[in-house]
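These are the residues of each chain, in order.
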Amino acid sequence: MQHRTIESGGPLRRDGFIRFGLVFAFLLACCITSRANHQEIDLPSAIHLALIQNRNLIQSELAVASARYGIQGAKSQFAYRVVPDGSAFASDGLETFAAGLKVARLFRTGTDIGLGGGYVRIQDGDATSERASIRLQMTQPLFRNAGPLINQEPVVQAEQAWLTARRSLERQKSSLILEVVRTYETLIQLQSQIEFDRRFFNRTDNLYRLTLARERQGRATRVATLRVKLQRGQASSRRLNNREQSRSLFLDFADLLGFPPRTTFELTAPPLVEWAVPTSNEAFAVACSNRLELAQARQDHAAASRGIRIARHQFLPTLSLVARVEPFGEGDTLDETLAFDRTTWSVGIRGNTDLVNARHRSTVQRRVIDQESALQQVEIVEDAVRRDVEQAMLAFQRSRRELDIAKSNLELAGSRVFLARRYFARGREDSFSVSDAEDAFVEAQRDMLFARAEASFNGYRMLHAMGTLCLLYTSPSPRDRG
């Protein structure tokens, strides 16, 4: 019976199929999870993802959105206002009911115009009195509070706060791009160095085995064997250290791009930035048009100059012209009330002023100092921008020359180690010559990788110094750039 159950595909075979299915499902889930946490990415894609997913950048974008609502709030004072009004009272033998509606608007010159209508009904015992009216009133400030300079200042400040937030966001984007480039190039450098270390360890391991064999044959000294063994141990230690640095830096890279910490990436070495290097004056002219901190300093200076004009405006007297015309109807019946056969009007001036103005004098003096400080800040930022452009240009040119030298040195070191190993195999050189050649070759590899990363980074740094790096990936309006 047991033999027939097995042959007919009974419970034992079903259990095997179930176990196989569970194992297959588990392996498939692991593959899917591993694939989801693995990203194949190049440098432009990394920059694009960082600009979209970086959490610090998202917070700055929320600050910009908040500042935009500040502009809407400041402009709302010039929107139409609809103000309903009503009341009802009752006392001994007296009842009063009133209702009205007013539409008003404040203009940027300070003029406030309102149009409203009202209805009042008073019942005193058996006597009833009704009154309906339409009122048009205009209030025009004179001297101190007149003109767009005073009345539009909240809107101007809100717009400048929004521009400041936008410029801060764009500067943060440019710095983020530069940090992504630096991290990406460093990871490429470490990955290449790890591969070089692996090859170097294999070569030194073979050299150690060969030197040890020759020592046993009496053809090499113990000092030579220990030297090669030490070199092999240093290669192993360097490889472990570079692996740890690479894994740690990948965590920072994932955070820059807004990915989970355990995300793995497959990187490809990007091409170097190729563009015609401008002259110093040309680069500074481009920077003056695009560097956002310079635009911010100029905006602060303009705000300080405007603050002086506003402070001096406060010495003027506070007066307002008020004009009102009100057609109305009044009577015991509704027809008499809605006749609007009467009109009342009034024109007057109201206001007050401070004859001493001690507080306003100190305010003007403080604004003058603020203007001078803002002007000094513009000059400081201009000098800093020029210095930054000069230093970035020097670093870019130096790194390109160093890269050419490093490539040539690597070729020479490679040829040297090739000949040294060949001569050692033929017995024409000792292991000391091979060890020295290997050390020089490793150093040349390290210098070449570092020079290549520096050349790539300094190309982006030059664009960052001129204020054009962010323009390659985003397009802020000219107004945002000042």
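What counts, and where the lines are drawn
Residues numbered from 1 in each chain as written. Predicted model: local features only at pLDDT ≥ 70, side-chain atom pairs only at ≥ 80, totals over all residues. Heavy atoms only, no water. Phe/Tyr/Trp six-rings, centres within 6.5 Å; stacked < 30°, edge-to-face > 60°. Buried < 20%, exposed > 50% of the residue type's maximum accessible area, 1.4 Å probe, protein only. Lys NZ or Arg CZ within 6 Å of the ring centre and 35° of its normal. Patch = residues over 30% accessible without salt bridge, like charges linked within 9 Å, V, L, I, M, F, W, Y side chains within 5 Å. Areas by Shrake-Rupley, 256 points an atom, 1.4 Å probe, with all protein chains shown as cover. Salt bridge = Lys/Arg side-chain N within 4 Å of Asp/Glu carboxyl O. Helix = DSSP H or I, 4+ residues; strand = E, 2+ residues; numbered from the N terminus. pLDDT = per-residue confidence, 0-100. Contact = heavy atoms within 4.5 Å. Axes fitted to C-alpha atoms, helices over the stretch in contact; angles between N-to-C directions. Parallel < 35°, antiparallel > 145°, perpendicular 65-115°, else oblique. Left-handed = near helix turned anticlockwise from the far one by under 90°. Nonpolar A, V, L, I, M, F, W, Y, C, P; charged D, E, K, R; others polar. Pairing = 2+ DSSP bridges. Core = buried A, V, L, I, M, F, W, Y, C linked by side-chain atoms within 4.5 Å. Expected span 1.5 Å × (residues − 1). Arc of directions from axis to C-beta.

1. Comments concerning the packing of aromatic side chains
No. 1: Under the counting rule described, the total for this entry stands at four aromatic pairs.
No. 2: Considering the side-chain rings of Phe-259 and Phe-265, the 5.7 Å spacing of their centres and the 75° angle between planes classify their relative orientation as edge-to-face. For the pair Phe-259 and Phe-265, one class covers both residues: buried.
No. 3: By way of ring pairs, the aromatic residues Tyr-184, Phe-250, Phe-253, Phe-259 and Phe-265 are connected into one cluster.
No. 4: Positioned above the aromatic ring of Phe-328 is the side chain of Arg-131, whose terminal nitrogen or guanidinium carbon lies 4.2 Å from the ring centre.
No. 5: Over the ring of Phe-201 we find Arg-239, and its NZ or CZ is 4.9 Å from the ring centre.

2. Focus on a nonpolar patch on the surface
No. 1: A cluster of nonpolar side chains, Phe-107, Ile-113, Leu-115, Ile-134, Leu-136, Val-325, Leu-334, Leu-338, Phe-340, Trp-345 and Val-347, forms an exposed patch at the surface whose accessible area comes to about 990 Å².
No. 2: Only strand S4 (112-124), strand S5 (127-143) and strand S8 (342-352) provide two or more residues apiece to the nonpolar patch.
No. 3: With respect to the helices and strands, Leu-334 occurs in helix H10 (residues 334-337).

3. Some words on unusual backbone geometry
No. 1: Its identity is not glycine, yet Phe-143 carries a phi of approximately 65°, on the positive side.
No. 2: Looking at where Phe-143 falls in the secondary structure, it is placed in strand S5.
No. 3: What makes Phe-143 partly exposed here is its relative accessible area of 46%.

4. As for the confidence of the model for the chain
No. 1: In the predicted model, the chain carries a mean pLDDT of 83, and 89% of its residues have values of at least 70.
No. 2: Within the chain, the lowest mean pLDDT, 39, falls on helix H1 (residues 2-7), and the highest, 92, falls on helix H4 (residues 55-75).
No. 3: In the model, residues 1-14 has pLDDT below 50 throughout and makes five contacts with residues more than four positions away in sequence or in other chains.
No. 4: Note that pLDDT drops below 50 for residues 22-36; the model gives that stretch one contact with residues more than four away or on any other chain.

5. Details of the packing of helix H3 (residues 43-53) against helix H6 (residues 153-217)
Two quantities define a packed helix pair, namely the angle between the axes and the distance from one axis to the other.
No. 1: Direction vectors running N to C along H3 and H6 enclose 140°, while the axes themselves pass 10 Å from each other. In terms of orientation, H3 and H6 fall into the oblique class. The crossing of H3 and H6 is right-handed. Counting all contacts with H3, which are made through Leu-43, Ala-46, Ile-47, Ala-50 and Leu-51, the residues of H6 involved are Lys-173, Leu-176, Ile-177, Val-180, Val-181 and Tyr-184.
No. 2: The residue makeup of the contact of H3 with H6, split by class, is ten nonpolar, no polar and one charged.

6. A word on the sheet that holds strand S7 (residues 318-331)
No. 1: The strand order across the open sheet formed by six strands is S2-S3-S4-S5-S7-S8, and the pairing between neighbours is antiparallel. Each of the sheet's edge strands pairs with one partner strand only, and the pair in question is strand S2 (81-91) and S8. Within this sheet the neighbouring strands show an average axis-to-axis angle of 15°, counted without direction.
No. 2: Note: S4 against S5, 13 bridges, orientation antiparallel. Within S5, the residue paired with Gly-116 across the bridge is Arg-135.

7. Describing the nonpolar core
Where a protein is soluble and globular, its nonpolar side chains tend to be buried together.
No. 1: If you look at the biggest cluster of nonpolar residues, it comprises 57 residues, and the most contacted ones within it are Val-180, Phe-253, Leu-257, Phe-265 and Leu-267.
No. 2: At 15 residues, the largest contribution of residues to this core is made by H6.
No. 3: The contacts of Phe-253, once residues within four sequence positions are left out, are Ala-46, Val-180, Thr-183, Tyr-184, Leu-187, Phe-265 and Leu-267.

8. Some remarks on the pairing of S7
No. 1: The pairing of S5 with S7 spans twelve bridges and is antiparallel. Of the residues in S7, the one forming a bridge with Glu-130 is Gly-331.
No. 2: By the bridge criterion, eleven bridges tie S7 to S8 in an arrangement that is antiparallel. Opposite Ala-323, over in S8, you have Val-347 as the bridge partner.

9. Quick notes on H4
No. 1: Between its first and last C-alpha atoms H4 spans 31 Å; for 21 residues at 1.5 Å apiece the expected length is 30 Å, and the two agree.
No. 2: Every buried residue of H4 is listed here: Leu-57, Ser-60, Val-64, Ala-67, Ile-71 and Ala-74. Axial view of H4: buried residues confined to an arc of 80°, hence all on one face. In H4, the exposed positions angled more than 90 degrees off the buried face are occupied by Gln-59, Leu-62 and Tyr-69.

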